[in-house]
Amino acid sequence: MDIFDQIAAGVRPPQPSLLDTRTVRPCTDVQLQLSYALAKQVPDMARGFTIHTSYGEIAVVPGPLADQLQALVREATERELAASGAAA
């Protein structure tokens, strides 16, 4: 009889959970996506980027416009992440 059989038979109590779900909220896919965007995608915007629309593309070259849009996207993403944490 191995440890799993002992737990199932009630001979041995189950191991305590490594994650106390009463104090730590589970992370959602939305939170992971927003965290990734803040960590990787938003900082990368400083190098320039392209905005894709159904009417075509807008190229944003590195410089003041890219910096301003990056700051706006960071602020909006941080607010969205905070809201997703409060809603969870």
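Nothing here was measured: the structure is a model prediction, and the numbers come from that model.

1. Section: the overall build of the protein
Looking only at helices and strands, the protein features three helices and two strands. Secondary structure elements in the protein, listed N-terminal to C-terminal, are α-α-β-β-α. For the protein, the residues scored as buried account for 16% of the 88 residues in total. On the protein, roughly 7100 Å² of surface is accessible, and the fraction owed to carbon and sulfur atoms is 60%.

2. Description of the nonpolar core
Judged by nonpolar contacts, Val-42, Met-45, Phe-49, Val-60 and Ala-66 together constitute the single largest core of five residues. Ignoring sequence-local partners within four residues, the contact set of Ala-66 consists of Met-45, Phe-49, Val-60 and Val-61.

3. Some points on helix α2 (residues 29-44)
The end-to-end C-alpha distance of α2 is 21 Å, a good match for the 22 Å that 16 residues give at a rise of 1.5 Å each. Helix geometry: α2 is bent most strongly at Ala-37, by close to 45°. Those residues of α2 that sit buried are Gln-31, Leu-34, Ala-37, Leu-38 and Val-42.

4. Points about the pairing of strand β1 (residues 49-53)
Pairing of β1 with strand β2 (residues 56-60) involves five bridges; the strand directions are antiparallel. Within β2, the position partnered with Thr-50 by the bridge is Ala-59. Where β1 folds back on β2, the antiparallel hairpin that results is connected by two residues.

5. Quick word on the side chain of Ser-84
Relative to the elements of secondary structure, Ser-84 occurs in helix α3 (residues 64-87). Residues in contact with Ser-84, not counting those within four places in the same chain, are Val-30, Gln-31 and Leu-34.

6. Thoughts on the environment of Gln-68
With respect to the secondary-structure elements, Gln-68 resides in helix α3. Considered as a pair, Gln-68 and Ala-46 are 22 residues apart in the sequence and their alpha carbons are 9.4 Å apart.

The rules behind the values
Residues numbered from 1 in each chain as written. Predicted model: local features only at pLDDT ≥ 70, side-chain atom pairs only at ≥ 80, totals over all residues. Heavy atoms only, no water. Helix = DSSP H or I, 4+ residues; strand = E, 2+ residues; numbered from the N terminus. Buried < 20%, exposed > 50% of the residue type's maximum accessible area, 1.4 Å probe, protein only. Areas by Shrake-Rupley, 256 points an atom, 1.4 Å probe, with all protein chains shown as cover. Core = buried A, V, L, I, M, F, W, Y, C linked by side-chain atoms within 4.5 Å. Contact = heavy atoms within 4.5 Å. Expected span 1.5 Å × (residues − 1). Bend = angle between axes of the 7 residues up to and from the residue. Pairing = 2+ DSSP bridges.

Function cannot be read off these values alone, since they describe shape.
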